[in-house]
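Chain and residue survey
The residues making up each chain are set out below.
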Amino acid sequence: MCGIVGYIGKKQAYDILIKGLKRLEYRGYDSAGIALLNGGMTLFKKAGKVIDLEKIVDKNNIYSCIGIGHTRWATHGEPNDRNAHPHLSQSGNLAIIHNGIIENYASIKAELQTRGYVFHSDTDTEVLVNLIEEVQKAENTSLDNAVRIALNEVVGAYAIVILNKNNPNQLIAARKGSPLVIGIGLDEFFIASDASPIIEYTKNVVYLDDQEYAVINMDGSYSIRTLGNIEKSHVIKKLEFSLEKIEKGGFDHFMLKEIYEQPKAIEDALRGRMSAQQGWIKLSGITDYLNRIDKAERFIITACGTSWHSGLIGEYLIEDLARVPVEVEYASEFRYRNPILHEMDVVIAISQSGETADTLAAIEIAKSRQAFIYGICNVIGASIPRASHSGSYTHAGPEIGVASTKAFSTQITLLTLIALQLAHSKGTISTPKLREILYELEQIPKKIEETLLLNDSIKEIASIYKNATNFLYLGRGYNFPVALEGALKLKEISYIHAEGYPAAEMKHGPIALIDENMPVVFLATNKSAYEKIVSNVQEVKARKGKIIAVVHKGDTQIRALADHIIEVPETEEILSPLITIVPLQLLAYHIAIMRGCNVDQPRNLAKSVTVE
Ligand code: G6P
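Scope of this entry: the structure provided in the associated data block. Residue numbers restart at each chain and count upward from 1, following the sequence in its written direction. Whole-chain, interface and lining totals are the exception, using all residues; otherwise, since this is a predicted model, local features are given only for residues with pLDDT of at least 70 and side-chain atom pairs are given and counted only at 80 or more. Here the side-chain values reflect all heavy atoms present in the structure, with hydrogen atoms and water set aside.

Taken in spatial order, the seven strands make up an open sheet running E5-E6-E7-E8-E12-E13-E14, and their pairing is antiparallel. Edge positions in the sheet fall to strand E5 (87-88) and strand E14 (231-232), since each of these pairs with one other strand and no more. Relative to strand E8 (residues 170-176), strand E7 (residues 156-164) runs antiparallel, the two sharing five bridges. Within E8, the position partnered with Ile162 by the bridge is Ile172. In this analysis, strands are considered paired if DSSP registers two or more bridges between them. Elements are defined by DSSP. Helices are runs of H or I of four residues or more, strands are runs of E of two residues or more, and each kind is numbered from the N terminus.

Any residue with at least one heavy atom within 4 Å of a molecule or strand is counted as near it. Residues in close proximity to the ligand total 13 residues, the closest being Ser307, Ser351, Gln352, Ser353 and Thr356. A distance of 2.4 Å is found between an oxygen atom of the ligand and a side-chain nitrogen or oxygen belonging to Thr356. At a separation of 3.3 Å, an oxygen atom of the ligand approaches a polar backbone atom of Val402. In isolation the ligand offers 380 Å² of accessible surface; the protein chains occlude 91% of this area. Per-element accounting of the shell around the ligand gives the leading share, three residues, to helix H11 (residues 305-322). Think of a polar contact as two N or O atoms within 3.5 Å of one another; within protein, one of them needs to be a possible hydrogen donor and the other a possible acceptor, and neighboring residues in sequence only count if both atoms come from side chains. Here the accessible surface of atoms and residues is derived via Shrake-Rupley with a 1.4 Å probe, and residues count as covered only by protein chains that are part of the display.

Within the secondary structure, Ile182 is located in strand E9 (residues 181-184). Note on classification: 1.4 Å probe, protein chains only; a residue is buried when its accessible area is under 20% of the maximum for its type, exposed when over 50%, partly exposed between these limits. You can call Ile182 buried: its relative accessible area is 0%. Residues Ile182 and Lys264, 82 residues apart in the sequence, show an inter-C-alpha distance of 23 Å. Apart from residues no more than four positions distant in its own chain, Ile182 is found in contact with Phe189, Phe190, Ile191, Ile198, Asn204, Val205, Val206, Leu208, Ala214 and Ile216. By definition, residues are in contact when any of their heavy atoms lie within 4.5 Å.

This brings us to the nonpolar core. As used in this record, nonpolar core signifies buried Ala, Val, Leu, Ile, Met, Phe, Trp, Tyr and Cys residues forming a set joined through side-chain atoms within 4.5 Å. Residues Phe299, Phe471 and Tyr473 are the most contacted members of the largest nonpolar core, which totals 89 residues. Tallying contributions element by element places helix H20 (residues 577-594) first for this core, with 11 residues. Beyond its immediate chain neighbours, meaning those up to four positions away, Phe471 contacts Tyr465, Leu490, Ile496, His497, Ala498, Glu499, Met518, Pro519, Val521, Ile548, Leu587 and Ile591. Within the second largest apolar cluster, 27 residues are counted, among which are Ile96, Ile108, Val135 and Ile162.

With that settled, the discussion passes to the packing of aromatic side chains. Any two of the Phe, Tyr and Trp rings considered here, Trp counted by its six-membered ring, make a pair once their centres fall within 6.5 Å; the pair's planes then place it as stacked at under 30 degrees, edge-to-face at over 60, or tilted in between. A full pass over the atoms with the stated rule returns nine aromatic pairs. Arranged with centres 6.4 Å apart and planes meeting at 80°, the rings of Tyr465 and Phe471 form a pair that is edge-to-face. Put simply, the rings of Tyr7, Phe190 and Tyr201 touch in pairs and so form one group of aromatic residues. Here, a charge over a ring is recorded when the distance from Lys NZ or Arg CZ to the ring centre is within 6 Å and its angle to the ring normal is within 35 degrees. One cation-aromatic arrangement involves Lys109 over Phe119; the distance from NZ or CZ to the ring centre is 5.2 Å. Here Arg603 stacks its cationic end above the ring of Tyr495, 3.7 Å away from the centre of that ring.

What follows covers the sheet that holds strand E25 (residues 519-523). In space, the five strands of this open sheet follow the order E24-E23-E25-E26-E27, with parallel pairing throughout. Edge strands, defined here as strands with exactly one partner in the open sheet, are strand E24 (497-502) and strand E27 (564-568). Across the sheet, the mean angle from the axis of one strand to that of its neighbour is 15°, orientation sign disregarded. Both E25 and strand E26 (residues 546-552) contribute to a ladder of five bridges, which runs parallel. Under this scheme, a helix contributes an axis fitted over its contacting stretch, all axes are lines through C-alpha atoms, and angles between N-to-C directions fall in the 0 to 180 degree range.

In short, geometric facts, not functional conclusions.
See below:
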């Protein structure tokens with residue numbers, strides 16, 4: 001995810017662009033850049049935040065009424081000055097900013113290279129701007145027509161804005177799969193990824209739809225056409241949000257926004273990596289090293305915090321499906337306990353930020369003992385993926401709330417793909433079963449959407465238990481790590497003491513805590529151990545504990561015992577954590593809000609822990 005902004009009008013573009021980029025920085029902040037037309041093309045770009053960009057800008061060379069700006073969250077190519085946007089075409093006539101991923105960039109790049117194009121970055125974006133230039137040249141056509149033709153050739157997602165040195169009175173914008181809003185002022189236009197850079201200047205906006213492009217002129221005119229070249233007329237909408245709300249995409253907090261982004265995040269994590277219909281999975285990080293990974297005698301998963309919880313689910317998945325032994329280690333313990341490792345081990349390091357010091361150190365130990373390192377990370381180009389031999393990105397988009405939500409669900413998504421790909425290659429899963437699971441995996445985003453509709457009833461439950469001093473979370477099998485994660489979410493943001501436990505283990509200790517003041521959250525969606533879970537619910541009931549149960553739709557047995565029921569859609573048992581975690585995230589969120597806590601920046605915690 002990146003932030004893009006453009007301006008054309010009578011004002012100084014630079015100030016509007018910089019301010020806009022700062023508002024969009026939540027979308028990515030690994031590098032930033034600006035291009036302006038003032039006689040020629042003036043370009044400034046820099047790794048780091050927008051304030052780092054401002055430091056390198058020559059303030060004598062920014063006078064211009066037209067320009068584009070970008071704040072990046074790297075997807076293709078590590079975050080550095082070279083890969084920062086805007087990117088120029090070979091001739092230097094065109095500058096482009098882009099949010100999204102061009103999936104077929106490699107083949108287009110190879111073709112352009114044969115025609116003499118030289119690339120100066122590792123990005124898919126530079127490929128796109130050169131494709132547009134090549135089409136314009138080859139077809140001898142207008143820039144907007146070249147954009148249209150080129151976009152019909154690319155596969156993937158994009159929101160783009162293009163600045164043309166040869167026409168300082170025009171901007172061209174297009175979108176597919178990534179958001180783009182055009183703000184319509186008095187003889188001026190603003191273009192941005194969301195309305196936050198626009199709202200200060202105008203409340204009139206047009207939202208570009210997928211597969212549409214806009215030609216926006218200095219004289220106050222604009223036109224929108226489809227990529228099929230059909231003219232569109234759009235209703236101008238009125239913005240009604242406060243600036244702060246828009247920065248959080250209309251949500252009160254980043255955490256809530258990120259909880260709601262999970263269906264999209266999972267879709268992004270799956271995109272291009274599997275097909276249920278054709279029965280294949282291809283994580284290139286696995287495929288490229290299949291010889292090594294397939295021969296692993298053991299997997300060791302190492303991580304911290306929420307990522308460690310997803311690692312536990314990974315253990316269940318890999319052992320269950322691929323039948324290879326797995327150990328899950330806290331990175332902080334692993335690094336200091338002189339672990340036994342050898343060259344037939346594969347270490348999977350999981351980290352949202354890719355910068356967690358203990359996880360990095362665990363990787364170094366494992367590497368020094370010849371183990372193969374597979375990194376699962378959200379932030380592109382971070383230290384952990386760079387230190388790994390291979391790996392996969394979760395593509396969850398920037399996670400700003402300190403309590404991890406969508407990173408967790410995308411990590412589990414990837415671990416599911418890893419386990420399935422290994423199982424497929426080892427023959428420990430039949431093709432029909434593989435297809436069945438993949439089909440169900442494709443349904444998960446929809447089922448999470450359905451689960452999110454329970455928000456109001458979960459809020460009601462939160463209001464009943466907001467003053468509790470302790471909570472117990474219980475689950476079995478795949479739902480045991482979910483119980484741990486649910487308890488962690490509550491602790492982190494509401495400061496209520498909470499424990500997650502394997503449901504059956506409760507009788508070896510936590511049962512002593514249960515009385516009429518103890519809320520106990522049961523994750524009871526397991527088909528395989530349903531009767532056992534019912535017994536555990538009975539045990540809590542007999543001691544007057546308050547039971548909040550997450551069950552499958554239509555459950556009758558637990559409904560009869562529980563004080564509160566949260567009914568979630570049914571799925572394959574191995575995929576159930578992707579659904580059952582959602583109500584627990586919402587429960588923690590609402591309780592924390594009701595207790596007046598800062599959910600996005602909980603006390604004493606940090607998003608990226610770069611110290612031991
Ligand atoms: C911190 C964050 C947690 C996160 C943990 C591991 O404690 O607050 O949300 O789970 O670090 O971070 P990582 O970036 O390695 O996943």
